[in-house]
Every structure is written in C-alpha cells, then in structure tokens.
Amino acid sequence: SERYAKIWEGGLRGDLREILYDVDTLQSTILDMGEQITRDYAGKEPLLVAILKGSYPFLADLARAINLPLTVDFMAVSSYKGTKSTGVVRILKDLDRSISGRDVIIVEDIIDSGLTLQYLRENLRGRGPASVEIAALLDKKVVRAGKPNEDMGAKYVGFECPNEFVVGYGLDYNGRYRNLPFIGVLREEVYS
Ligand code: XMP
Ligand code: MG
C-alpha cells in the first residue's frame, strides 16, 4: 500500500474531496467477510455471481479470501444513469450457466435504493437455486432510513456508507475512477 500511495499521489486522486476507505481498510474488511463466508458455507461450493462492472475488484479480493471450492459467474445490469438510480433494471448480460441447486452469493459493489438487488434476487430465486444471499461492499443505509438492512436481506455488508456519490475500487462516474485502489467522494465540481 506504500507503492499505491506513491502511484496515487497526484493526478486522478485530486478529483476526490475525501477518501472514505483506504487500501488497508478495504482489504481488512474484505478478509473478514471472506472468513465469515468460509465458515457459513463450510462443506458447500458457493457460486459467486458478480454484478458487472462495479464489483470486479471486490469479487477478486473477496474470492481470494474464501477458502472453499467455488465458481464465479457474471451478470451485467443497467439501473443507473449518471448519479441517480432509476429503478429500471435491464439485464445486459445474463449468467453463462444454470444456478439450479446452487448456493448463490450475489456480489455487489453498493446498495443504494436497493432496487437493483431486489430485482436481481427475485430473478435468481426464480431459477431454482438452493439459496441466494447478498454480499455488498457498501450499503448507503441512510437512503432507506427506518428500514434496517435486514429488509434488504444483505447478509454480508462491508461498510455502511454515507449518502454521497462515491467512486473508486470499481465504482465509477461515467466509466471513470474504477481503477482507484481506495473509495472516496467525488468533488462536486467534477460532475456539475
Ligand atoms: P440501487 O439504487 O438500485 O443502485 O441500489 C445500485 C447501483 O447503483 C450504482 N450506484 C453507485 N455507483 N457511486 C457509484 O459509482 C455511487 O455512489 C453509487 N450509488 C449507486 C451501482 O452501480 C449499484 O450497483
Ligand atoms: Mg453496480
């Protein structure tokens, strides 16, 4: 992470107002999540379903923290235009294989309104899996004030995130910033 600090001294990092989760913080929380999943799925072979594109760094790190045989598959959905959720979910890329009888863990970067995951979970439940759980790196709980996380049914959540537009570690603004190794808040000047 010292090398990362050097790489990210200037440049793109200047577009951030604040860093919320640095490299070490992300790694240590994801290692915890992996340990928990390893315990919870002992004796099973989970299928990690990553939602593209935002979850790719999270999937890579989470999968390497789970000491179980597992497989991965990918879905791409579109539910977000600019910085506001629309609630309209479109499947742009579906899974390659059947999930019938599988223990599915949906791997998602961030829960905002929760509409995307609600739709996806119902969609996957209709395909006859043994179970469907959600692992989300961030949860913007504030948006659903009064509705606890259990309502969303996300079993594994990394961080409760402030209600700000965040980028980095897979999260983008118009396709950019996914390659930041940390997560931060974009300066308003950048998107206004
Ligand atoms: P919903 O509202 O359906 O939205 O839970 C989830 C999806 O919206 C995207 N999203 C964000 N992307 N910074 C981002 O880069 C954010 O702050 C943010 N909030 C939501 C994300 O793709 C997620 O899958
Ligand atoms: Mg996403």
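Residues numbered from 1 in each chain as written. Chains lettered and ligands numbered in written order. Predicted model: local features only at pLDDT ≥ 70, side-chain atom pairs only at ≥ 80, totals over all residues.

Per an unreviewed UniProt entry, the protein chain goes by Hypoxanthine phosphoribosyltransferase and derives from Plesiocystis pacifica SIR-1. Taken from UniProt, the Sequence similarities (unreviewed entry) comment for the protein chain reads in full: "Belongs to the purine/pyrimidine phosphoribosyltransferase family." UniProt, in the comment section headed Subcellular location (unreviewed entry), describes the protein chain in these words: "Cytoplasm". (UniProt positions renumbered as here; feature names shortened; annotations may be inferred.)

S.K.: Help me out: how do you make sense of the overall build of the protein chain in this one?
M.R.: If you tally the helices and strands in the protein chain, you get six helices and nine strands. The 192 residues of the protein chain split such that 31% are buried. Restricting the contact set of the protein chain to residue pairs at least 6 apart, pairs at least 24 apart contribute 63%. (Helix = DSSP H or I, 4+ residues; strand = E, 2+ residues; numbered from the N terminus. Buried ≥ 20, exposed ≤ 12 C-beta atoms within 10 Å, placed from the backbone. Contact = placed C-beta atoms within 7 Å.)

S.K.: What is the right way to look at the sheet that holds strand 9 (residues 183–186) in this model?
M.R.: Paired through backbone hydrogen bonds, the strands of a sheet run either parallel or antiparallel to each other. Pairing is antiparallel across the open sheet formed by three strands, whose spatial order is 1-9-8. Each edge of the open sheet is held by one strand with a lone partner, namely strand 1 (16–21) and strand 8 (166–167). Across four bridges, the pairing between strand 1 and strand 9 is antiparallel. By the bridge assignment, Glu-18 is partnered in strand 9 with Val-185. (Pairing = 2+ DSSP bridges.)

S.K.: Sorry, what's going on with the confidence of the model for the protein chain here?
M.R.: Interpreting fine coordinate detail is not advised for predicted regions of low pLDDT. The pLDDT averaged across the protein chain works out to 91; a share of 90% of its residues lies at or above 70. Taken over the whole predicted complex, pTM reads 0.92, whereas the ipTM for its chain interfaces reads 0.91. (pLDDT = per-residue confidence, 0-100.)

S.K.: Sorry if this is basic, but what is going on with helix 4 (residues 115–125) here?
M.R.: An α-helical turn contains 3.6 residues, so a residue and the one three or four places further along point in the same direction. Those residues of helix 4 that fall on the buried side of the exposure criterion are Thr-116, Leu-117 and Leu-120. One face of helix 4 carries all of its buried residues, which in axial projection span an arc of 85 degrees. (Arc of directions from axis to C-beta.)

S.K.: Got a minute to help me understand the nonpolar core in this structure?
M.R.: In summary, soluble globular proteins display a tendency toward joint burial of nonpolar side chains. Counting 41 residues, the largest nonpolar core has Leu-48, Val-49, Leu-62, Ile-105, Ile-106, Val-107 and Ala-135 as the members making the most contacts within it. When residues no more than four places from it in sequence are discounted, the contact partners of Val-49 are Asp-73, Met-75, Leu-95, Val-104, Ile-105, Ile-106 and Val-107. (Core = buried A, V, L, I, M, F, W, Y, C linked by C-beta atoms within 7 Å.)

S.K.: Whenever I open this one, unusual backbone geometry confuses me. Can you help?
M.R.: Negative phi is the rule for most residues except glycine; trans is the rule for most peptide bonds. In the segment running from Leu-52 into Lys-53, the intervening peptide bond is cis, with an omega of -5 degrees. Considering the arrangement of structural elements, one finds Lys-53 in the loop between strand 2 (47–52) and helix 3 (56–63). For Tyr-169, which is not a glycine, the phi torsion comes out positive at approximately 50 degrees. Structurally, Tyr-169 can be placed in the loop between strand 8 and strand 9.

S.K.: Please clarify how the environment of Arg-102 should be interpreted in this entry.
M.R.: For Arg-102, the position within the fold is in the loop between strand 4 (84–93) and strand 5 (103–111). Leaving out residues up to four positions away in the same chain, Arg-102 has contacts with Leu-47, Pro-129 and Ala-130.

S.K.: I would appreciate a short explanation of the pairing of strand 5 in the present structure.
M.R.: Successive side chains on a regular strand alternate, one facing one side of the sheet and the next facing the other. Strand 5 sits mainly inside the fold: eight of its nine residues count as buried. Sheet topology places strand 2 next to strand 5; four bridges connect them, and they run parallel. Looking at strand 5, one finds that Ala-50 is bridged to Val-107. Pairing geometry for strand 5 and strand 6 (residues 131–139), over eight bridges, is parallel. Paired with Ile-110 across the strands is Leu-138, a residue of strand 6.

S.K.: Mind showing me how you'd approach the environment of Ser-131 here?
M.R.: With respect to the helices, strands and loops of the structure, Ser-131 is situated in strand 6. C-beta crowding within 10 Å serves as the criterion here: with 14 such atoms nearby, Ser-131 is assigned to the partly exposed category. Separated by 99 residues in the primary sequence, Ser-131 and Asp-32 have C-alpha atoms spaced 22 Å apart.

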